[in-house]
Amino acid sequence: MADLVVPQLGESITEAVVARWLKKVGDQVAADEPLVDLETDKITVQLPSPVAGALAVQAVQEGATVKVGQVVGAVTAGATGKTAAPEPKPAESKPAAAPKAAPPPVAVAKPAPAPAAATASSSPALDEDALMKLSPSQRRLARERGAIPVVGPAATPAPAAARAGDGSPVATPIQLDPRDEVVTMSPLRKRVAERLVQAQHETASLTTFNEVDMTAVMEARARYKDAFEKAHGVKLGFMSFFAKACVAACKLFPGINAEIVGDKIVYKKHYDFGIAVSTPRGLVVPVLRDVDGRSFAEIEKGILELAEKARTGKLALDDLMGGTFSITNGGIYGSMMSTPLLNYPQTGILGMHNIVKRAMVVGDEIKVRPMMYVALTYDHRVVDGREAVSFLVAVKDRLESPDRLLLEV
């Protein structure tokens, strides 16, 4: 019998969540066939079968948190059929494969039934002076529970449990409505939340806006899209134009392509751009390396490959690390304008938005133009407002005159 062991998942990753078992106990499996999806705070990893045979043990259930090196199941080598595999011999049994304990309880406390507290005959008398210091809703809650709720920073479930009339613990961190659905946050979403809060707390982020006349880019795409796809096997999108424009602007204003380490500013001399991709599990930002040395076709191919890996859960840890600047496109969802959050510890992120035809003054005439609002969020500790505005103007100028991207001027 061969154990399924949680492998090393990358630097700083010590645990994962069993997202989904791909096989049932007794199912026949081939060597290296994926058996279980492990979701970490960065990537999703598929754990393959070490041998051909049948899945004999699922030691943990879906949703359980497991550690690196932990045994999550076992495969009986050479077994066939759909029925459960035979019990392992004593000499072959593994310590971690035997237990089939119930899954850990879900960490969402259910509210105690209010009517019981309200009708309990043993409820102690409430201090009316203390009641009058509460709000009407708090007084009603206190009478229902037979206890004065603790309010303010010191409020915890423990004092409420100590005051319960029947002596049973009462933990009410949240009030649940039976019509609601409670879902535990995935490791990926929790990690994204932590990074966004970290970016808000540890950076002095500001956002500046501009608008881009997309006429020249759209005309170039319309003129060459068929020939481009035929020559390179990939469609010509907007992202390659924006990536090229951002590289040129980053070279003019290096503070946008930097990060703070301690009391020092590290100006990056390489251009590895994070491209935000939405997946069923949440937002991820895989990194496209060496954007400055790539052609338009290489940028489009690289973005397509990263997006496909992200949506199929096949991103490696290296695909998510080391970005120097980020680009996010809310326009594909219809966003008119937004303030993107920094991808910490980067100092800049560009937000693209949808293209809308608007009446614009061109020369001395009013013409209908396809316009896009662009936003740059930057870390004011490194980048001054003048530099941020100038960066966006540099991006705008190159998008409105795409020939500058080819001539690198």
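Preceding this paragraph is the structure being described.
Within each chain, residue numbers correspond to sequence positions counted from 1 in written order. The predicted origin of the model limits local features to residues at a pLDDT of at least 70 and limits the giving and counting of side-chain atom pairs to 80 or more, whereas totals for whole chains, interfaces and linings rest on all residues. To obtain the side-chain values, all non-hydrogen atoms of the structure were included, while hydrogens and water were left out.

A. Representation of the overall build of the protein within the structure. Only DSSP runs of H or I covering at least 4 residues are called helices, and only runs of E covering at least 2 are called strands; the numbering of each starts at the N terminus. Helices and strands together make up the secondary structure of the protein, namely 10 helices and 19 strands. Burial statistics for the protein: of 409 residues in total, 38% are counted as buried. Summarising the internal contacts of the protein: among those between residues at least 6 apart in sequence, 63% fall at separations of at least 24. As displayed, the protein offers around 22,500 Å² of accessible surface, 55% of which is attributable to carbon and sulfur atoms. Only protein chains enter the accessibility calculation, which uses a 1.4 Å probe; a residue whose area is less than 20% of its type maximum is buried, one above 50% is exposed, and one in between is partly exposed. The contact criterion used throughout is that any non-hydrogen atoms of two residues lie within 4.5 Å. Accessible surface area values rest on a Shrake-Rupley calculation with a 1.4 Å probe, where residue burial reflects the displayed protein chains alone.

B. Representation of the sheet that holds strand 1 (residues 2-5). Overall, antiparallel pairing links the 4 strands, which are arranged 1-8-6-3 in an open sheet. Looking at the sheet topology across the chains shown, the edges are occupied by strand 1 and strand 3 (28-29). As judged from the 2 bridges shared by strand 3 and strand 6 (residues 53-58), these two strands associate in the antiparallel manner. For glutamine 28, the partnering residue across the bridge sits in strand 6 and is alanine 54. Any two strands with at least two DSSP-identified bridges between them are counted as paired.

C. Seen up close, the packing of aromatic side chains. Think of it this way: a Phe, Tyr or Trp ring, Trp meaning its six-membered ring, pairs with another when their centres are within 6.5 Å, and the plane angle makes it stacked under 30 degrees, edge-to-face over 60, tilted otherwise. If you walk through the whole model with that rule in mind, you get 3 aromatic pairs. Taking 5.8 Å as the distance between ring centres and 50° as the angle between the ring planes, the aromatic pair formed by phenylalanine 325 and phenylalanine 391 counts as tilted. Note that phenylalanine 325 is positioned in strand 16 (residues 325-329) and phenylalanine 391 in helix 9 (residues 385-400), a separation of 66 residues in sequence. Through a chain of ring-to-ring contacts, three or more aromatic side chains come together here, namely Phe273, Phe325 and Phe391. Sitting over a ring, as applied to charges here, requires NZ of Lys or CZ of Arg to be within 6 Å of the ring centre and within 35 degrees of the ring normal. Just above the ring of phenylalanine 238 sits the side chain of arginine 221; from NZ or CZ to the centre is 4.2 Å.

D. Structural context of the pattern of salt bridges. Salt bridges are identified by distance alone: a Lys or Arg side-chain nitrogen within 4 Å of an Asp or Glu carboxyl oxygen. Applying the stated criterion across every chain, the model contains 13 salt bridges. Measuring nitrogen to oxygen at the nearest pair gives 3.2 Å for the salt bridge that ties aspartate 37 to arginine 20. With aspartate 37 in strand 4 (residues 34-39) and arginine 20 in strand 2 (residues 15-21), this pair connects stretches of sequence that are 17 residues apart. A relative accessible area of 43% places arginine 20 in the partly exposed class. We note a salt bridge from lysine 396 to glutamate 400, for which the minimum N-O separation is 2.9 Å. One end of the pair, lysine 396, and the other, glutamate 400, are both in helix 9, 4 residues apart, so they sit about a helical turn from each other.

E. Geometry of the state of the cysteines. Any cysteine sulfur atom paired with another within 2.5 Å is treated as part of a disulfide. Using the criterion set out here, one finds 0 disulfides in the structure. Between cysteine 250, a cysteine without a disulfide, and cysteine 246, which holds the nearest cysteine sulfur, the sulfur-to-sulfur distance is 6.2 Å.

F. Inspection of the sheet that holds strand 5 (residues 44-48) at higher detail. In spatial order, the strands read 5-4-2-7; together these 4 strands make up an open sheet with antiparallel pairing. On the outer flanks of this sheet lie strand 5 and strand 7 (65-67), each paired with one strand and no other. Across this sheet, the average inter-strand angle for adjacent strands is 40°, counted without regard to direction. Here strand 4 pairs with strand 5 via 5 bridges, running antiparallel. From the neighbouring strand, glutamate 39 faces strand 5, where its bridge partner is threonine 44. Lines fitted to C-alpha atoms define the axes here, with helix axes fitted over just the stretch in contact, and angles between the N-to-C directions of these axes take values from 0 to 180 degrees.

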